[in-house]
Amino acid sequence: MPPSDAVIAITYRCNARCTMCSIWRSKHRDLLTPAHLARLPRSLRTVNITGGEPFLHPRLPDFISAVRTNLPRSTITISTNALLPDRIRQMLPDLLIRDRRLRIAVSLDGLADAHDRIRGLPGAFDHAIQTIEHLKQARFRGLRLAMTLSQANSDQLLPVAELARKLDLELGIVPAHASAVHFFAAKVASPKLNVLLPQLDVFINQLLRSASPKLWLRAHFAHRVGQYITGSLPPFPCSAADDSFFLQADGTIYPCNVCSPPLGNIIEDDFDRIWFSPSAHAIRRGLRKCDRRCWMVCTARSYYRAHPIKILLWILAHKCRAHSKPLSASSHQG
């Protein structure tokens, strides 16, 4: 079947030195151009533009135009480390001309020194806050925060969630994943469970206590983040290379941003020939038996589409319980 979700890295270049990612060490060349995105399938409904750092690419607005022109019904999100607040502020008007519905996800992995340490640069937190303030002052409505959970920020979930609340912004979380095709990290250190899990429990309860169905879904996603981190995530068929794919900056199409068997290269071949080729079908069959049980936004979307009743029942059951639990991480530690 044609895919509905894509993560597209437009550059390998990155100005951060993150502890959970080594893409900044990459010597690969950026080969993907906006013209190549005209080959993307019109079935796509969500497109995440990432890198490296996408705001380092001088043709970022052209990439946005290419996606919006060829995929008029898609939702486009730019994921940024926000280390270039002035550049982002200057580029925003042009980006909004290209796509009025554009979304931007600012990475925030901790407060102050914690974020600086994880991003490997002094002042990284201040730059992120400057970027957020610029976007809010510009009345940009597509802003949200994104947090990658790793061993380095096991104690930072609730502080970041509180900051998101004060800023009136949604916070999305995702566990760090090892990847040889995107993050160039063969291994990532797992979070400290005794520190993170009590905070995750409080975070989930906070989301469930809200009046927003969207936040209830985020609560379920966070619940399964906890299962992934603890190794207790129930088995489910992987939808990578079925409903979603990852497009690297050299044009290579992978099932997802952690899975290594390439499907083909969009610079060299037609997307449909790649997607429906015998080799792609063979890779899909193998992925359906994969036991890695990754939990990422791109592959989770398929799970939610396939199990709406199961998710609704979980929300109803846990929403009732959430109102009877204290909203304090310390009360869960012992």
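Residues numbered from 1 in each chain as written. Predicted model: local features only at pLDDT ≥ 70, side-chain atom pairs only at ≥ 80, totals over all residues. Heavy atoms only, no water.

Take the pairing of strand β4 (residues 103–107) next. Across the 5 residues that make up β4, a large majority, 4, are buried. Here strand β3 (residues 75–80) runs beside β4; their pairing, made up of 4 bridges, is parallel. The residue bridging S79 from the neighbouring strand is A105, located in β4. Handedness of the crossover is the feature at issue here: the chain leaves β3, passes through helix α2 (residues 85–98), returns alongside β4, and the resulting connection is right-handed. As paired elements, β4 and strand β5 (residues 143–149) share 4 bridges and run parallel to each other. Among the inter-strand pairings, V106 is bridged to a residue of β5, identified as L145. (Buried < 20%, exposed > 50% of the residue type's maximum accessible area, 1.4 Å probe, protein only. Helix = DSSP H or I, 4+ residues; strand = E, 2+ residues; numbered from the N terminus. Pairing = 2+ DSSP bridges. Right-handed = clockwise from strand over helix to strand, strands pointing away.)

Turning our attention to the nonpolar core. In terms of nonpolar packing, the biggest core is built from 95 residues, with I8, I49, L171, I173 and F203 touching the most fellow members. Residues contacting L171, with those up to four places away along its chain left out, are L145, A146, M147, L157, V160, A161, A164, F203 and R218. (Core = buried A, V, L, I, M, F, W, Y, C linked by side-chain atoms within 4.5 Å. Contact = heavy atoms within 4.5 Å.)

All right, on to the packing of aromatic side chains then. Per the stated rule, a full pass over the model turns up 11 aromatic pairs. Taking 5.9 Å as the distance between ring centres and 80° as the angle between the ring planes, the aromatic pair formed by Y303 and Y304 counts as edge-to-face. The burial state of Y303 is the same as that of Y304; both residues are buried. Through pairs of rings, three or more aromatic residues link up here, namely F221, F236, W295, Y303 and Y304. For the cation-ring pair, R224 lies above W295, with the distance from its terminal atom to the ring centre recorded as 4.8 Å. (Phe/Tyr/Trp six-rings, centres within 6.5 Å; stacked < 30°, edge-to-face > 60°. Lys NZ or Arg CZ within 6 Å of the ring centre and 35° of its normal.)

What follows is about the pattern of salt bridges. In the structure shown here, the tally under the stated rule is 15 salt bridges. For the salt bridge of D99 with R68, the shortest nitrogen-to-oxygen distance reads 3.1 Å. Remark: R68 occurs in helix α1 (residues 60–70) and D99 occurs in the loop between α2 and β4; sequence separation between them is 31 residues. Residues D99 and R68 agree in their burial class; the two are buried. Salt bridges here are not isolated pairs; linked through shared partners, they connect R59, D62, D94 and R98. (Salt bridge = Lys/Arg side-chain N within 4 Å of Asp/Glu carboxyl O.)

In this section: the environment of L217. One can find L217 in helix α7 (residues 213–230). A residue is classified by how much of its surface remains accessible, and L217, at 40% relative accessible area, is partly exposed. Sequence separation between L217 and C298 is 81 residues, and the spatial gap between their C-alpha atoms is 14 Å.

A word on the pairing of strand β2 (residues 46–50). Burial analysis of β2 places 4 of its 5 residues in the buried class, the great majority of the element. Of the pairings in the sheet, the one linking strand β1 (residues 5–9) to β2 comprises 5 bridges and is parallel in character. When the bridges of β2 are listed, A6 appears paired with V47. Here β2 runs beside β3; their pairing, made up of 4 bridges, is parallel. Within the sheet, the bridge partner assigned to I49 lies in β3 and is I78. Between the parallel pair β2 and β3, the chain is carried across by α1, and the sense of this crossover is right-handed.

Chain-level statistics for the protein give a pLDDT mean of 93 and a share of 97% at 70 or above. Every residue in residues 330–334 is under pLDDT 50, and counting partners more than four places away or in other chains gives 7 contacts. (pLDDT = per-residue confidence, 0-100.)

Its place among the elements puts H177 in the loop between β6 (171–175) and α6 (193–208). Engagement of the side chain of H177 in a polar contact is seen with the backbone oxygen of P175, the distance being 2.8 Å. Engagement of the side chain of H177 in a polar contact is seen with the backbone nitrogen of W295, the distance being 3.4 Å. Ignoring any residue separated from it by four or fewer positions in sequence, one finds H177 in contact with F183, V188, Y228, V258, C294, W295 and M296. (Polar contact = N/O pair within 3.5 Å; in protein donor to acceptor, adjacent residues only side chain to side chain.)

What follows is about unusual backbone geometry. A cis geometry characterises the amide bond from G51 onward to G52, with omega recorded as 20°. Its place among the elements puts G52 in the loop between β2 and α1. One non-glycine residue, A112, adopts positive backbone phi at about 50°. Mapped onto the fold, A112 is located in the loop between β4 and α3 (113–119). Note on A112: relative accessible area 37%, which makes it partly exposed. In this model, D168 sits at a positive phi of 60°, which is unusual for a non-glycine residue. Take D168: it is sitting in the loop between α5 (157–167) and β6. D168 sits in the exposed class, given a relative accessible area of 69%.

So, on to the state of the cysteines. Within the structure shown, the criterion is met by 0 disulfides. Free of any disulfide, C290 has its nearest cysteine sulfur in C238, 5.9 Å distant. On the accessibility criterion, C290 (30% relative accessible area) is partly exposed. (Disulfide = S-S within 2.5 Å.)

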